[in-house]
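Below, each chain spelled out in residue letters.
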Amino acid sequence: MAARCDILVLDFGGQYAHLIQRRLKDLGVKAELARSDVSPGEVTRRGARGIVLSGGPASTLDERTPPMDAGVLRIGIPVLGICYGHQLIARELGGRVTTGVAAEYGRTRVRVQKGSTILRDVRPSFRVWMSHADTVASPPRGFVPVARSEDGVIAAMEDGKRRIFGLQFHPEVSHTEFGKEILSSFAFDVCGCRRGWEPGDFIGDKVREIKDSVGGGRVLCAVSGGVDSTTAAVLVGRAVGDRLKCLFVDHGLLRKGEAAAVMELLKDRLGLDVAHVDASERFMKALKGTKDPEEKRLAIGSEFAAVFEEFSRKEGPFEWLAQGTLYPDVIESGRSGGPASKIKSHHNVGGLPGGLRLKVLEPFRELYKDQVREIASALGLSGGFTSRHPFPGTGLAVRVIGEVTPDKLRICRESSAVFEEELQRAGLHDRLWQAFAVVGDDKVVGVTGDSRTHGHLVTLRAVRSSDGMTAEWARLPAALLDRVSRRITNEVAGVAMVSYAISNKPPSTIEPQ
Ligand code: XMP
């Protein structure tokens, strides 16, 4: 029999089912994921006090939608439908759904109209994130609309008697105000859950689990100096001691001065047993002529794997490969095992080549970046380390649009360094999730002195986020952007214009590729 849980989150294929589960876990609720067509019997067997129907990319108006057993709406336990889940409630219980206004994608405001149970801890008007074109035109019998968007769309509806609730917006994303309060009201006030899960237990549990699985084996850990892989190395080191060997692969796609700084951190400050392999030439060769973003990602993933394999043959044998893979890497690569679609293949999620007979240890596979940062602090990794901006394993290759050439790499690296330096100077760097420069093949005409130049267009991107799943472009001061633009066009040869990216995630992603 499956373990008892408090809330089951039914996965209808969006990027967000796992995020809902995580938010509930953060609140101390025992929450688990379930297939969209979980049966009422299974829900009861698992002891759920309530269920959440997640968002998803499908439309309830489509002919084919993810399968569902509508009997779960009639068990008698509370139900919260989010976005697609909200529309499903309307469809299954006799309401009407229509295709609404695309203008309401992303950030919008809603106004609470009536006393509501799950909206009781919010302000009368608050900011939310919407991510669906369909809306509920008329709620099923027994439901009352309790909030509407600026355009009059039903943003929340509820049937207090049956304890069924629908939200057109996403309470689980960090850009929705009062999302935590709304999920708390549902879990604690409506479902009667009790707090149980403690993030602090994670380290102890994982160290025990790694010890048990690894036994006397040796572990190879791929480290980049970033928060995820470095924290993974320190955690695994706690479990296996000197049977851990770290490998730092310099693929030539690192930021300015990064290789030396990473070695100093890993070796001198953290005392890890780490080997440094300069593989920049072979990565550049593997990327030559490749323009397509997915092909570049896959080429980098397999090159990494080939370097691990060679190292493992030379320095092994190792039985395990440890990686700092996070949940968003898994979900965006379409590898969650659920129905979420592939957004981009993260370099470390593609699987290992057949020749590399290593078992994989991924202690953070269920976690998000901010949780790993907390674990890093608890492990004593501090001193500016935990506030490092995320840097993808694919490195600057995903910030150079089109083919990765030495010249575009130089422009991207130097421009990013100027941008980061100015942000540090202004005291803004650590308040951003990420900030970097992007360069492609677009060239524009410029004028320096009296002569015409023809140089690259560099785009700056800076975002705020708490977990990388959603992000907002940062409203940086105009004077700072002006300074960065002047410095880049003056100091980085071959740049004729600088622009600033003002798109959120969604609909954009954070990295341009
Ligand atoms: P996107 O661009 O999908 O990125 O909005 C979300 C977060 O993930 C990082 N990212 C990666 N990290 N390997 C990684 O380790 C990758 O292949 C990769 N691709 C994106 C990105 O920097 C952002 O913080």
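Computed from a prediction, not measured in an experiment: that's the story for all the values here. Throughout, a residue's number is its position along its own chain's written sequence, starting from 1. Where local features are concerned, this predicted model is filtered to residues with pLDDT of at least 70; where side-chain atom pairs are given and counted, the filter is 80 or more; whole-chain, interface and lining totals use all residues. Calculated side-chain values reflect all of the structure's heavy atoms, with hydrogen atoms and water omitted.

A few words now on the pairing of strand β13 (residues 244-250). Categorising residues by exposure relies on relative accessible area from a 1.4 Å probe, with only protein chains included: less than 20% of the type maximum marks a residue as buried, more than 50% marks it as exposed, and the intermediate range marks it as partly exposed. The helix count covers DSSP runs of H or I at least four residues long, the strand count covers runs of E at least two residues long, and both are numbered beginning at the N terminus. Summarising burial for β13: seven of the seven residues are buried, a large majority. Here β13 shows a buried face lined by Leu-244, Cys-246, Phe-248 and Asp-250 and a second buried face lined by Lys-245, Leu-247 and Val-249. Here, a strand pair is defined by DSSP locating no fewer than two bridges between the strands. Bridge analysis of strand β12 (residues 219-223) against β13 gives five bridges, and the strand direction is parallel. Directly across from Ala-222, in β13, lies its bridge partner Leu-247. You can see the chain leave β12, run along helix α6 (residues 227-240) and come back into β13, and the turn it takes is right-handed. Each parallel crossover has a hand, and the one from β13 via helix α7 (residues 258-269) to strand β14 (residues 274-278) is right-handed. Note on handedness: a crossover is taken as right-handed if, strands pointing away from the viewer, the path from the first strand over the helix to the second is clockwise.

Let us now look at the site of the ligand. We call a residue near a molecule or strand when any one of its heavy atoms sits within 4 Å of it. Among the 16 residues in the neighbourhood of the ligand, the closest are listed as Glu-332, Lys-344, Gln-434, Ile-510 and Glu-511. Arg-297 places a polar side-chain atom, nitrogen or oxygen, 2.8 Å from an oxygen atom of the ligand. Between an oxygen atom of the ligand and a side-chain N or O atom of Lys-505, the distance comes to 2.8 Å. When grouped by side-chain class, the residues that make up the shell around the ligand number four nonpolar, seven polar and five charged. Pairing of N or O atoms within 3.5 Å defines a polar contact, subject to two protein rules: one partner must be a possible hydrogen donor and the other a possible acceptor, and residues neighboring in sequence count only if both atoms are side-chain atoms. Gly is put with the polar residues, along with every residue not named as nonpolar or charged; the nonpolar set is Ala, Val, Leu, Ile, Met, Phe, Trp, Tyr, Cys and Pro, and the charged set is Asp, Glu, Lys and Arg.

Further remarks concern helix α1 (residues 17-26). With respect to burial, α1 is a largely interior element, eight of its 10 residues being buried. Of the residues making up α1, those classed as buried are Ala-17, His-18, Leu-19, Ile-20, Gln-21, Arg-22, Arg-23 and Leu-24.

Strand order across the open sheet formed by nine strands is β2-β1-β3-β4-β11-β10-β9-β6-β7, with mixed pairing between neighbours. Here the strands that pair on one side only, and so sit at the sheet edges, are β2 (31-35) and β7 (125-130). Here the average twist between neighbouring strands, direction ignored, is 25°. Two strands pair when backbone bridges link them, and strand β6 (residues 106-112) and strand β9 (residues 144-149) are joined in this way by three bridges, in the antiparallel orientation. Residue Val-112 lies in a different strand from β9, and its bridge partner there is Ala-147. To define axes, lines are fitted to C-alpha atoms, for helices over the stretch in contact only, and angles between the resulting N-to-C directions are given on a 0 to 180 degree scale.

This part is about the sheet that holds strand β16 (residues 359-361). Strand order in the open sheet made by the five strands is β14-β13-β12-β15-β16, with parallel pairing throughout. Of all the strands in the sheet, the pair left with one neighbour each is β14 and β16. Averaged over all pairs of adjacent strands, the angle between their axes in this sheet comes to 25°, without regard to strand direction. Where β12 and strand β15 (residues 320-322) come together, three bridges link them in parallel fashion.

Attention shifts here to the side chain of Asp-329. Looking at where Asp-329 falls in the secondary structure, it is placed in helix α10 (residues 327-332). Nearest to the buried, unbridged Asp-329 among oppositely charged side chains is Lys-369, at 7.2 Å. At 3.0 Å, the side chain of Asp-329 forms a polar contact with the backbone nitrogen of Leu-326. The sign given to each residue is positive for Lys and Arg and negative for Asp and Glu; His and the chain ends receive no count. Salt-bridge detection follows one rule: a side-chain nitrogen of Lys or Arg within 4 Å of a carboxyl oxygen of Asp or Glu.

If you trace the backbone, Ser-377 turns up in helix α11 (residues 369-378). In this structure the C-alpha to C-alpha distance between Ser-377 and Ser-59, which are 318 residues apart in sequence, comes to 42 Å.

On to the packing of aromatic side chains, then. Two rings from Phe, Tyr or Trp (for Trp, the six-membered ring) form a pair when their centres sit within 6.5 Å of each other. Planes less than 30 degrees apart are called stacked, planes more than 60 degrees apart edge-to-face, and all others tilted. Here the structure, examined in full by the defined rule, presents 10 aromatic pairs. Relative to Tyr-368, the ring of Tyr-327 lies with its centre 5.9 Å away and its plane at 45°, an arrangement referred to as tilted. Of this pair, Tyr-327 sits in helix α10 while Tyr-368 sits in the loop between β16 and α11, and the two are 41 residues apart along the sequence. Grouping residues by exposure puts Tyr-327 and Tyr-368 together as buried. Their ring planes at 75° and their centres at 6.1 Å tell us that Trp-473 and Tyr-500 sit as a pair that is edge-to-face. Of this pair, Trp-473 sits in strand β19 (residues 472-473) while Tyr-500 sits in strand β20 (residues 495-500), and the two are 27 residues apart along the sequence.

Counting 87 residues, the largest nonpolar core has Val-219, Phe-248, Phe-364, Leu-460 and Leu-476 as the members making the most contacts within it. Ranked by residue count, the leading element in this core is α6, at eight residues. Two domains each put at least three residues into this core: domain 2 (202-387) and domain 3 (399-500). Beyond its immediate chain neighbours, meaning those up to four positions away, Val-219 contacts Val-214, Val-236, Val-240, Arg-243, Leu-244, Lys-245, Phe-318, Trp-320, Ala-322 and Leu-361. What we call a nonpolar core is a set of buried Ala, Val, Leu, Ile, Met, Phe, Trp, Tyr and Cys residues that are connected through their side-chain atoms within 4.5 Å. Domain delimitation follows an automatic or database domain assignment. Two residues qualify as a contact provided that any one of their heavy atoms is within 4.5 Å of a heavy atom in the partner residue.

Interfaces are often sized by the accessible area lost when the parts come together. Structurally, the protein chain comprises domain 1 (7-190), domain 2 (202-387) and domain 3 (399-500). For domain 2 and domain 3, the distance between their C-alpha centres works out to 28 Å. Taken together, the contacts link 19 residues of domain 2 with 17 residues of domain 3. Taken over both partners, the interface formed by domain 2 and domain 3 buries close to 1,500 Å², and the fraction arising from carbon and sulfur atoms is 57%. Counting the contacts that link domain 2 with domain 3 gives two salt bridges. Of the charged contacts in the structure, one is a salt bridge between Arg-255 and Glu-420, with a shortest N-O distance of 4.0 Å. Across the domain 2-domain 3 interface, the total number found is six residue pairs in polar contact (both at pLDDT 80 or more). The set of elements that each furnish at least two residues to the side of domain 2 that touches domain 3 consists of α8 (280-287), α10 and α11. Grouping the amino acids of the side of domain 2 that touches domain 3 by side-chain chemistry returns seven nonpolar, four polar and eight charged. Accessible area that two parts lose when put together, with a 1.4 Å probe and added across both, is what the buried area reports.

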